[in-house]
Structure formats: C-alpha cells, structure tokens
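Breakdown of the fold
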Amino acid sequence: MRTQGSGKSPTSHDTYKCDVNDYEIRRPAVADAATVHELVAEHDIEVTGGPDWTLDDIADTLKELDLDRDSWLVRSDGRLVGWGYARRNGSSENVDIDVQAREPGAATLLWDMVLGRAADLAREAGHDHAVVDISLYEQDKPMREAAERRGFAPATSFHRMRTDHSGVRPVFVPGVEVEAGSPGQDGHEEVLRAAHRVHQEGFAEHFGFVPKTFDEWTAEMESSSANDWGQLLLARVHGEPAAMLLGTDHFVSDENCGYVRTLAVRPRFRGLGLGKLLLTRAFAADERRGRVGTILHVDSNNVTPALGLYESVGMRPVLVIDVWRAVVRPSG
C-alpha cells in the first residue's frame with residue numbers, strides 16, 4: 001500500500017462548535033477525485049513542501065471505499081472544505097481513517113463521523129470495539145494534536161526510503177532461483193499463489209497485519225491502478241518458495257520511481273540474503289524501465305531488522321509517516 005499522510009486538522013480549537021447547517025454534507029463519487037485531490041495536495045504542500053497523493057491515488061481510494069456508507073464530503077458556499085472516510089481491514093476490528101479539512105468546523109464534523117463509522121464497522125463484523133489507525137506526517141503538529149485530543153497515541157512509524165539508480169548490480173545467492181510474474185502465461189497463477197503464501201507467513205507478526213485469502217489478496221492488489229503483476233518476483237530456495245517482492249507504479253507519475261509495495265521472507269529463510277537479492281533485482285528492473293530510483297516504506301518497529309537491510313542497499317529515508325492508534329467502542 002502507498003502509506004499516506006493525513007489531512008489538515010482543526011488548528012488548536014478543540015472547543016470549536018460548528019453548526020451543521022453551515023455545511024453541505026454529502027457522499028462522494030469517483031467523479032469527485034480531482035476536487036478531492038486539490039484539497040489533499042494543498043495540505044501535502046503546506047506540511048511537506050510538495051504534493052504526496054497523486055490524482056490516481058485519490059481515484060483508487062474512492063473506488064476501494066463503500067462510498068454510500070463510509071465516506072463524506074463537506075462543502076461550504078459551494079467549495080469543498082473537507083473529506084473523510086473510515087475503512088475496515090477485512091473482517092477484523094482494524095479500521096483505517098482519514099480526515100482532510102480546510103476549516104476547523106469541517107474537521108470537527110468529519111472526526112465525529114469517521115470515528116462513529118469506525119465503531120459501527122467493527123460492530124458489523126462482530127467486534128465490541130474498533131482499533132482505529134490514522135497516518136500522520138511527522139511534522140504535522142496540528143493534526144497530531146487533534147488526534148491526541150481524541151484519544152489517539154503513536155503506535156509505529158513508517159520511513160519512506162529511496163534509492164537513486166546508476167548502474168545497479170543485482171545480487172546472486174547460490175541455490176536460489178527467481179521467477180517473475182507473467183500475466184497471461186502458463187504458470188502465472190501458481191507463482192501468484194506461492195507469493196501469497198510467502199506474504200501471509202512473512203507478515204504474520206507485523207504491525208496491523210490481517211490475514212487474507214488468496215482471492216482477497218489478489219482483489220486488493222488489483223483494485224489499484226498502479227498494480228502490475230509483471231513486477232512480482234518470487235525467490236525459491238532449492239525449489240521451495242522462500243521470499244517475494246511486489247513492485248508497482250505508485251510513484252512513476254510524480255517521481256519517475258519504482259515502488260516496492262511488499263517484500264516478505266518466510267521466517268525460516270531469513271538471514272540468507274534473500275531480501276537484498278530481490279531488492280537489487282527490483283532496482284535493476286526499475287533502471288531498465290527508465291526509472292530514476294525506487295521507493296518503499298518500512299515500519300521502524302518491524303520484527304525483522306528491515307531498516308538496516310534497506311540502508312545496506314543504498315536507500316535513504318526521505319519522509320516519516322507516523323501511525324496513531326485509538327480503541328473506539330460503539331455507543332449504546
């Protein structure tokens with residue numbers, strides 16, 4: 001997934017009272033993507049100095065949401081002043097939210113709506129509480145304060161890492177063969193199924209992980225316009241699936257960079273250099289495609305020493321996105 005920062009918060013006015021009659025609240029449509037992107041880009045530029053979400057990112061997010069139930073637009077005098085959503089992760093109690101707002105009154109409304117919906121989503125899945133996550137840029141002090149006032153606390157941090165390419169030399173490991181995804185060709189589904197098994201086992205202990213069936217996993221990947229199964233790499237150790245990497249086009253349009261969406265190594269195959277092998281293969285492939293670099297996100301609290309791995313292949317941190325978490329219970 002492309003880990004994103006979240007929206008502009010109410011400045012510091014937690015006691016701000018808004019009259020719902022001051023706003024027009026409606027459900028969004030995919031056709032609203034450009035207007036929503038303008039709102040989000042404005043916040044990105046204010047906080048980080050440049051736009052982060054692309055128009056395709058916004059369109060993909062709107063397509064993934066149940067727009068009739070889980071998302072809202074807030075307008076004032078015909079101008080979009082807020083967007084928010086709540087999205088449950090599978091059938092788990094984990095719910096991701098986002099709040100983007102230009103005005104404190106709109107932000108207050110959206111916080112209330114997304115947190116209420118998060119609790120309902122958990123209840124609908126049979127849980128008595130929701131574990132709610134929101135991603136915030138490290139330097140976004142107003143939004144962090146708004147989250148803290150609502151009971152959120154830092155849970156983990158994701159570092160966006162980047163490497164720039166200049167004559168990448170792939171690593172080789174004896175006894176290891178690497179297969180690439182080959183959509184439309186014989187054997188492609190078998191490679192996908194093997195990669196799915198590696199992913200599920202490799203990520204089982206990671207922050208926020210929720211198990212998914214093969215069909216759920218492939219549907220989630222394919223819901224993104226940036227997905228490309230041709231960028232899937234599967235490493236086999238003496239014929240046994242051991243590690244996988246899935247690259248996507250998430251950062252091609254804005255930074256001309258490849259993106260490593262997922263890198264997973266099964267626990268009993270760790271320490272063999274498979275992560276470095278797949279990363280350097282992906283970097284070399286991105287360079288052949290004419291991309292100037294490759295980007296990924298890494299959880300700083302990862303159960304494996306992933307940050308050191310990425311630094312060892314020449315990656316450097318360029319942005320920090322913190323995940324704040326709260327437990328929310330349905331009312332009544």
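The structure displayed is predicted, hence computed values, not measured ones. Every chain begins its residue count from 1, and numbering advances along the sequence as written. Per-residue local features are limited, in this predicted model, to residues with pLDDT of at least 70; the limit for side-chain atom pairs, both in listing and counting, is 80 or more; totals at the level of whole chains, interfaces and linings are taken over all residues. No hydrogens and no water enter the side-chain calculation; it runs on all heavy atoms of the structure.

Topic: the nonpolar core
One finds Ile97, Trp111, Leu115, Val132, Ile134 and Phe152 to be the most contacted residues of the largest nonpolar core, which totals 32 residues. Numbering of helices and strands runs from the N terminus, with a helix taken as a DSSP run of H or I at least four residues long and a strand as a DSSP run of E at least two residues long. Put simply, the parts of the chain that give this core at least two residues each are strand 2 (71-76), strand 3 (79-88), strand 4 (94-101), helix 3 (104-124), strand 5 (130-137), helix 4 (141-149) and strand 12 (316-328). What makes two residues a contact is simply this: any of their non-hydrogen atoms within 4.5 Å. Residue contacts for Leu115: discarding those within four places in its chain leaves Ile97, Val132, Arg150, Phe152 and Val328. Counting 25 residues, the second largest nonpolar core, distinct from the first, contains Val173, Ala242, Phe269 and Ala306. Here the nonpolar core consists of buried residues drawn from Ala, Val, Leu, Ile, Met, Phe, Trp, Tyr and Cys, with membership extended through side-chain atoms lying within 4.5 Å. Whether a residue is buried, partly exposed or exposed follows from its accessible area with a 1.4 Å probe, protein chains only, as a fraction of its type maximum: under 20%, in between, or over 50%, in that order.

Focus: the environment of Val328
Within the secondary structure layout, Val328 lies in strand 12. Accessibility expressed as a relative area gives 16% for Val328, which makes it buried. For the pair Val328 and Gly275, spaced 53 residues apart in sequence, the C-alpha separation works out to 37 Å.

What about the UniProt feature "domain: N-acetyltransferase" (unreviewed entry) in the protein chain?
UniProt positions are given in the numbering used here, feature names are shortened, and annotations may be inferred rather than shown by experiment. Using the residue numbers shown here, the UniProt feature "domain: N-acetyltransferase" (unreviewed entry) corresponds to residues 23-179 and 176-332. Between the first and last C-alpha atoms of residues 23-179 the distance is 54 Å; the span itself is 36% helix and 32% strand.

Looking at the sheet that holds strand 4
When DSSP finds two or more bridges between a pair of strands, those strands are recorded as paired. Spatial ordering of the open sheet is given by 1-2-3-4-5-12-6-11-10-9-8-7, a layout of 12 strands whose pairing is mixed. Only two strands of the sheet have a single partner each, and these edge strands are strand 1 (24-26) and strand 7 (176-180). Across the sheet, the axes of successive neighbouring strands diverge by a mean angle of 25°, strand direction being ignored. Examined bridge by bridge, strand 6 (residues 153-164) and strand 11 (residues 293-299) share seven bridges and lie antiparallel to one another. For helices, the fitted line uses only the C-alpha atoms of the stretch in contact; every axis is such a line through C-alpha atoms, and the angle between N-to-C directions lies from 0 to 180 degrees.

Let's talk about the confidence of the model for the protein chain
Known as pLDDT, the predictor's per-residue confidence is scaled from 0 to 100. Scored by pLDDT, the protein chain comes out at a mean of 92, with 92% of its residues at no less than 70. A low-confidence stretch, residues 4-17 (pLDDT under 50), is modelled with 56 contacts involving residues beyond four sequence positions or located in other chains.

Comments concerning the domain arrangement of the protein chain
Note that the domain bounds were set by an automatic or database domain assignment. Taken as a whole, the protein chain is organised into domain 1 (23-151) and domain 2 (161-320). Between the C-alpha centres of domain 1 and domain 2 the distance comes to 28 Å. Between domain 1 and domain 2, the residue contacts involve 15 residues of the former and 13 residues of the latter. As a working definition, buried area equals the accessible area (1.4 Å probe) given up by two parts on being put together, with both sides summed. Between domain 1 and domain 2 lies a buried interface of about 1,000 Å² when both sides are counted; carbon and sulfur atoms form 46% of it. Among the residues of domain 1 in contact with domain 2, Thr54, Asp60 and Asn89 are the three that bury the most area, contributing 35% of the side total. What counts as a salt bridge is simple: a side-chain nitrogen of Lys or Arg found within 4 Å of a carboxyl oxygen of Asp or Glu. The interface formed by domain 1 and domain 2 includes zero salt bridges. As used in this structure description, the phrase polar contact means that two N or O atoms lie within 3.5 Å; if the pair is within protein, one of them must be able to donate a hydrogen and the other to accept it, and residues adjacent in sequence are counted only when both atoms belong to side chains. One can count four residue pairs in polar contact (both at pLDDT 80 or more) joining domain 1 with domain 2. When residues of the side of domain 1 that touches domain 2 are traced back to their parent elements, those giving at least two are helix 2 (55-64) and strand 5.

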